[in-house]
Amino acid sequence: MLLSLFTDWAFLLEKLTLVVAVVSIGLVVAMYSTWAERKVAGALQDRPGPNRAGWFGLLQPFADAIKLFSKEDIIPSKSNKILFVLGPGLAMLAAVMTSAVIPWGDKIVIAGREITLQVSDLDLGVLYVFAVVAMGVYGVMIGGWASNNKFSLLAAIRGASQNISYELAMGLSLIALLFLTGTLSLKGIVVGQQENGWNILYQPLGFLLFLVCAFAECNRTPFDLPEAENELNFGYHQEYSSMKLGFYLFAEYINMFMSSVLMATLYFGGYDIPFFNEAASTLNPTILGLLGFGALMTKTVLFILFFMWVRWTIPRFRYDQLMDLGWKKLLPLALINMLITAVVVLVKEYGWPW
Amino acid sequence: MYLLDALSTPAQYLPIAIQFAFGVLFVAGMIAISHFLGPKRNTSDKLDTFESGIEQIGNARQPMAIKYFLVAILFVLFDVEVIFFYPYALNFKSLGWEGFAAVCMFVTFFFAGFFYIYKKGALKWED
Amino acid sequence: MGATQIIFWILSIVAVFSAIMVITRKNPVYSVLYLIITFFAISGHYVLMNAQFLAIVNIIVYAGAILVLFLFVLMLMNLNKESEPKKNKFMLWASAFAGGLLLYVLLAAVHTAHIENVKGIHVGNIGLVSELGKALFTTYVVPFEITSILFLSAMVGAVVIGKKD
């Protein structure tokens with residue numbers, strides 16, 4: 001089975017192209033998120049934002065990239081040198097891996113060959129995402145510890161505690177969703193939504209919990225305590241310079257993009273085009289696939305803008321408030337949401353047990 | 001022939017491995033490129049640890065507060081409990097009310113543990 | 001040699017090599033990182049055996065939760081002193097004896113095991129999450145409930161250790 005796959009060069013080539021495309025999309029969207037972030041901040045604060053590099057400042061991300069590349073690469077003398085380099089690499093690697101299970105569209109047909117717009121439709125797609133999120137902790141922790149800086153270490157431990165605390169509520173809020181979908185495959189979840197309507201209609205509380213947890217997992221304001229400048233100088237990446245710093249910042253933007261895609265996929269129909277019956281349409285499958293991809297990206301961009309809107313509107317939590325919210329409020333809420341969902345679905349299915 | 005349309009098999013993980021390999025190459029390449037680009041003018045002051053311009057006393061390898069440790073250990077416990085719900089969620093329609101009763105008992109213990117650590121103040125951040 | 005076997009050997013070599021690195025590194029942070037690699041290699045083995053749920057849970061729980069806890073513990077300790085705590089000769093011999101006994105038991109178990117009972121690579125679907133759920137919530141529902149009591153006692157233990165009063 002595996003051997004036949006290895007000899008199936010067309011298959012390997014298809015997947016490799018898809019991987020390169022998916023990773024590049026993540027990088028490009030992350031690059032332009034940095035531009036959009038400054039534009040949104042500018043708009044909210046009544047100033048123009050970046051407008052010198054290119055039309056509307058559209059070349060700004062490239063200018064930033066060139067700048068980061070040409071900066072001096074500093075490895076502090078008291079740091080642990082291997083781990084210091086490994087930290088940002090792990091952060092970036094974890095950020096890049098999420099996109100593997102996301103269905104970017106239905107399928108397109110090139111030269112008679114059907115290409116599914118998904119790197120791999122794992123049966124355990126949701127759990128895979130969960131595993132990659134769990135791995136994201138290491139980049140922050142390793143980098144912060146290796147810097148041998150008190151601020152970095154404190155920020156890294158804060159960040160790790162925050163990430164693991166909100167992972168719990170995130171996992172529980174997803175289980176309520178799984179009661180409805182009955183599958184862990186992200187593709188299966190999207191197909192289910194095309195038939196039964198978007199999950200946000202059935203799981204509003206679950207979505208809200210997931211949204212809050214996604215903010216915390218991405219270290220975005222109001223949960224950006226690992227980067228609280230007034231308390232920790234610059235956060236866990238204080239000692240970093242050049243592209244290593246760029247990796248940490250970039251990984252954060254890719255994570256934001258990925259959580260936006262996930263929210264769109266899990267709760268807002270993924271590549272489903274609203275008020276349009278895909279199954280009954282007579283359009284060319286390639287055009288349909290591309291339209292679906294466009295629909296997913298539109299939803300994603302709206303979520304990214306929401307992330308930015310929140311960032312420039314809401315002040316930062318205190319650390320004890322953050323822990324209180326995660327453990328004492330979100331966790332029980334997610335559990336109760338799960339039980340209520342289970343009871344409702346079971347009553348609809350089998351009636352009352354007595 | 002489209003092999004991945006077959007049932008759930010280990011082959012589904014092959015593209016993941018490809019993506020992983022690509023990610024590793026990309027990350028390593030970028031770090032190497034940025035290391036060779038850019039100037040190298042090291043001075044001992046520049047390579048020193050930055051702590052707001054104040055000279056570092058000792059180093060950062062110092063014991064941290066125990067509450068972080070407590071959060072981590074509670075996370076491990078709750079994480080395993082959450083994992084137990086996933087196999088249930090996939091079968092819960094076919095398991096019906098009996099499965100739900102079993103899970104309710106599990107959740108009761110979960111809540112009992114949660115209530116205990118709540119009352120003991122393990123989740124209280126400020127002492 | 002098929003592709004599956006090549007992958008099997010690569011994963012085995014990675015697993016054994018990083019496991020040896022875990023126990024030979026002086027710096028415990030390196031040990032933890034090598035342990036993560038070991039867990040990933042073992043997860044690869046689970047995937048080859050089509051035990052996909054186990055593979056992912058191995059990463060989530062072991063690599064993602066327990067090793068984070070280990071790292072926290074390492075950061076709680078004072079790692080400045082390069083020297084290890086005083087080596088006790090008696091402890092060394094006692095641990096060698098205990099380890100030898102474990103090795104003996106494992107070897108005996110392998111020796112008496114019936115090879116024909118060992119399933120071939122990726123045969124069967126019991127490792128898939130839906131099959132696992134069915135078994136867990138029907139045949140093994142009592143052990144499942146008992147684990148919740150285990151969790152409760154573990155929580156009590158954690159609070160007793162972590163809280164002063």
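What counts as what
Residues numbered from 1 in each chain as written. Chains lettered and ligands numbered in written order. Predicted model: local features only at pLDDT ≥ 70, side-chain atom pairs only at ≥ 80, totals over all residues. Helix = DSSP H or I, 4+ residues; strand = E, 2+ residues; numbered from the N terminus. Buried ≥ 20, exposed ≤ 12 C-beta atoms within 10 Å, placed from the backbone. Contact = placed C-beta atoms within 7 Å. Axes fitted to C-alpha atoms, helices over the stretch in contact; angles between N-to-C directions. Nonpolar A, V, L, I, M, F, W, Y, C, P; charged D, E, K, R; others polar. Core = buried A, V, L, I, M, F, W, Y, C linked by C-beta atoms within 7 Å. pLDDT = per-residue confidence, 0-100. Expected span 1.5 Å × (residues − 1). Arc of directions from axis to C-beta. Pairing = 2+ DSSP bridges.

## Section: the overall build of chain C
- When its secondary structure is counted, chain C shows six helices and zero strands.
- Scanning chain C from its N terminus toward the C terminus, one meets helices and strands in the order α-α-α-α-α-α.
- The proportion of buried residues among the 165 residues of chain C is 25%.
- For chain C, contacts bridging at least 24 residues in sequence account for 55% of all contacts bridging at least 6.

## Digging into the overall build of chain B
- When helices and strands are tallied, chain B shows two helices and zero strands.
- In chain B, which comprises 127 residues, the proportion classed as buried is 37%.

## As for the packing of helix α10 (residues 242-267) of chain A against helix α1 (residues 14-36) of chain B
- At their nearest, the axes of α10(A) and α1(B) sit 8 Å apart, and the two run at 145° to each other. Contacts from A:S242, A:M243 and A:K244 in α10(A) reach B:M30, B:I31 and B:S34 in α1(B).
- Class assignment for the residues of the contact of α10(A) with α1(B) results in three nonpolar, two polar and one charged.

## Re the nonpolar core
- Counting residues in each nonpolar core, the largest one holds 183 residues, and the members touching the most others are A:L127, A:A131, A:A169, A:I175, A:C213, B:L74 and C:I56.
- Among the elements that line this core, the one with the most residues is helix α2 (residues 66-119) of chain B, at 27 residues.
- If near-sequence neighbours (up to four positions away) are discounted, A:I175 is found in contact with A:M338, B:F85, B:Y86 and B:A89.

## Remarks on unusual backbone geometry
All names here are of chain A.
- Even without a glycine there, the phi angle at D46 is positive, about 60°.
- Within the secondary structure, D46 sits in the loop between α2 (9-44) and α3 (60-69).
- Notably, S242 is not glycine yet its phi reads approximately 55°, a positive angle.
- Relative to the helices and strands, S242 is located in helix α10.

## What about the confidence of the model for chain C?
- Confidence along chain C averages 82 in pLDDT terms, with 84% of residues attaining 70 or more.
- This prediction of the complex comes with two scores: 0.88 for pTM and 0.85 for ipTM.

## So, helix α6 (residues 150-181) of chain A
- End to end, α6(A) covers 46 Å across 32 residues, agreeing with the expected 46 Å (1.5 Å per residue, within 8%).
- Two residues or fewer after α6(A) comes A:G182, characterised by a positive phi angle close to 70°.

## As for the interface of chain C and chain A
- Between chain C and chain A, the contact holds 17 residues from the first and 19 residues from the second.
- Counting residues per element, the ones that place at least two in the side of chain C that touches chain A are α1 (3-24) and α3 (52-76) of chain C.
- It is α3(C) that contributes the most residues to the side of chain C that touches chain A, 11 residues altogether.
- The residue makeup of the side of chain C that touches chain A, split by class, is 13 nonpolar, four polar and no charged.

## Quick word on helix α5 (residues 129-138) of chain C
- What α5(C) keeps buried is the set C:V129, C:L132, C:G133, C:L136 and C:F137. Projection of α5(C) onto a plane perpendicular to its axis shows the buried side chains occupying an angular sector of 110°, all on one side.
- For α5(C), the secondary structure elements touched by its buried residues are α2 of chain B together with α3 and α6 (141-162) of chain C.

## Quick notes on the pairing of strand β1 (residues 107-110) of chain A
Residue and element names in this part refer to chain A.
- For β1 and strand β2 (residues 113-116), the ladder comprises four bridges, and the chain directions are antiparallel. In the strand pairing of β2, I110 is matched with R113.
- Linkage of β1 to β2, two consecutive antiparallel strands, is achieved through a turn of two residues, within which A111 is found at a positive phi near 50°.

## Comments concerning the interface of chain B and chain A
- Each side of the interface is counted separately: chain B has 59 residues, and chain A has 69 residues.
- Looking at the side of chain B that touches chain A, the elements with two or more residues in it are α1 and α2 of chain B.
- Broken down by element, the residue count for the side of chain B that touches chain A peaks at 18 residues, all from α2(B).
- Within the side of chain B that touches chain A, the residues separate by chemical class into 38 nonpolar, 12 polar and nine charged.

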